[in-house]
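If you want the building blocks of each chain, they are given just below.
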Amino acid sequence: MTKLNKTIVVTGASSGIGQGIAVAFGQLGANVLINYHSDEEGAKETLKQINDGGGTGIIHQANVGIEEEVISMFDRAKEEFGGFDVLINNAGIQQDNTFSKMSLEEWTTVIDTNLTGQFLCAREAIRHFEGKPDTGKVKGNVIFMSSVHDIIPWAGHINYAASKGGILMLMKSLALEVAPQKIRVNAISPGAIATDINEEVWSDETKKKELLKLIPYQRIGEAKDVAKAAIWLASDDSDYVIGTTIYVDGGMTLYPGFVDNG
Ligand code: BGC
């Protein structure tokens, strides 16, 4: 594959989809800022894999829900790399509960990371891109990590689904606002990708069987499935793609119950 001569910031890059994306970009020779919140070992593993693949990276701890920490993180990317081209706005968490039992803390913790965190990181990226000179070419690229639950309702996970539904309109409205400045904004909505966040489901044979009923393509996804979409969206091959969500979900959003419904 051709080298991707870009500098990228990946939030939540110490595990799962964020790690898979950071490593895939690193293997294409990108410079990567690896953000993590609490898993320093995971971030080091991401850096090791990037270096092994020929890329370079730095590790930066920050809680994406805290404004000052986000601002410092983007300042660091500018200092170390002289700027950046792509934000993979990935950090996200689940804290599940039924609605009547859901505490305000479970609600705000998820919204702070998944929605406010994506707002804060996108805002710093856009501020940086807006400051670049006009050359007629793309100035920067923001890729939001959403979820199939930006359109599939999810009982027992209402805080999470609300955060992802919010990302959908945050992404589209922002894409509209900054497209005239040659800044590209899109989203990826993964389905069931085997990571720590849903290990409880895919590691249990009975639950896995139930999950596969929701995936027409009959396999659980891998982080590299999402990374391939991110690489395309970050590249100039998708230059004319603006405000779009790519569903990387094995068909989960296709109403799978209708597959043999007469
Ligand atoms: C969630 C996973 C879930 C998947 C499909 C993702 O956004 O984080 O836990 O398996 O959606 O339901």
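What this report covers is the structure whose coordinates are included nearby. (Residues numbered from 1 in each chain as written. Predicted model: local features only at pLDDT ≥ 70, side-chain atom pairs only at ≥ 80, totals over all residues. Heavy atoms only, no water.)

Focus: the overall build of the chain
Helix and strand counts for the chain stand at eight helices and seven strands. The C-alpha atoms of the chain give 18 Å as radius of gyration, which agrees with the globular expectation for 262 residues (18 Å, within 12%). The principal-axis extent of the C-alpha atoms belonging to the chain is close to 55 × 40 × 40 Å. The long-range fraction of contacts in the chain, counting pairs at least 24 apart against all pairs at least 6 apart in sequence, stands at 72%. Counting every atom, the chain has about 12900 Å² of accessible surface; 53% of that belongs to carbon and sulfur. (Helix = DSSP H or I, 4+ residues; strand = E, 2+ residues; numbered from the N terminus. Rg over C-alpha atoms; globule rule 2.2 N^0.38 Å. Contact = heavy atoms within 4.5 Å. Areas by Shrake-Rupley, 256 points an atom, 1.4 Å probe, with all protein chains shown as cover.)

A short note on the packing of helix H3 (residues 67–81) against helix H4 (residues 104–130)
Relative orientation and spacing of two packed helices are given, respectively, by the angle between their axes and the distance between those axes. The contact between H3 and H4 brings their axes to 9 Å, and the two run at 40°. Note that H3 runs across H4; the crossing there is right-handed. Residues Glu67, Val70, Ile71, Met73, Phe74 and Lys78 of H3 pack against Leu120, Cys121, Arg123, Glu124, Ala125 and His128 of H4. Partitioning the contact of H3 with H4 into residue classes produces seven nonpolar, one polar and four charged. (Axes fitted to C-alpha atoms, helices over the stretch in contact; angles between N-to-C directions. Left-handed = near helix turned anticlockwise from the far one by under 90°. Nonpolar A, V, L, I, M, F, W, Y, C, P; charged D, E, K, R; others polar.)

Focus on the pattern of salt bridges
All chains considered together, the criterion is met by 15 salt bridges. In this structure, the salt-bridge partner of Asp134 is Lys139, at a minimum N-O distance of 2.8 Å. One connected set of salt bridges, linked through shared partners, spans Glu67, Arg123, Glu124 and Arg127. (Salt bridge = Lys/Arg side-chain N within 4 Å of Asp/Glu carboxyl O.)

Considering the site of the ligand
The environment of the ligand is made up of Gln94, Ser147, His149, Trp154, Tyr160, Gly191, Ala192, Ile197, Asn198 and Met252. Here Ser147 contributes a side-chain N or O atom positioned 2.7 Å from an oxygen atom of the ligand. Interatomic distance of 2.6 Å between a side-chain N/O atom of Tyr160 and an oxygen atom of the ligand. Expressed as a share of its isolated accessible area of 310 Å², the protein-covered part of the ligand is 90%. (Near = heavy atom within 4 Å. Polar contact = N/O pair within 3.5 Å; in protein donor to acceptor, adjacent residues only side chain to side chain.)

Description of unusual backbone geometry
Positive phi, close to 60°, is recorded for Gln218, a residue that is not glycine. Assignment of secondary structure puts Gln218 in the loop between helix H7 (205–212) and helix H8 (223–234). One non-glycine residue, Tyr255, adopts positive backbone phi at about 55°. Here Tyr255 shows up in the segment after strand E7 (245–248).

Some points on a nonpolar patch on the surface
On the surface, a cluster of nonpolar side chains totalling about 420 Å² of accessible area is made up of Phe99, Leu104, Trp107 and Ile158. For Ile158, the location among the structural elements is in helix H5 (residues 158–178). When its relative accessible area of 32% is taken as the criterion, Ile158 is described as partly exposed. (Patch = residues over 30% accessible without salt bridge, like charges linked within 9 Å, V, L, I, M, F, W, Y side chains within 5 Å. Buried < 20%, exposed > 50% of the residue type's maximum accessible area, 1.4 Å probe, protein only.)

Focus on the pairing of strand E6 (residues 183–190)
Across a regular strand the side chains alternate sides, sitting on one face of the sheet and then on the other. Across the eight residues that make up E6, a large majority, eight, are buried. Both strand E5 (residues 140–145) and E6 contribute to a ladder of six bridges, which runs parallel. Bridge assignment links Met145 to a residue of E6, and that residue is Ile188. Inspection of the sheet shows E6 paired to E7 by four bridges, in the parallel sense. Looking at the pairing, Ala187 lines up with Thr245 of E7. (Pairing = 2+ DSSP bridges.)

Topic: the side chain of Asn89
Topologically, Asn89 is positioned in strand E4 (residues 86–89). When sequence neighbours within four positions are dropped, the list of residues in contact with Asn89 reads Thr11, Gly117, Gln118, Cys121, Ala122, Ile143, Phe144 and Met145.

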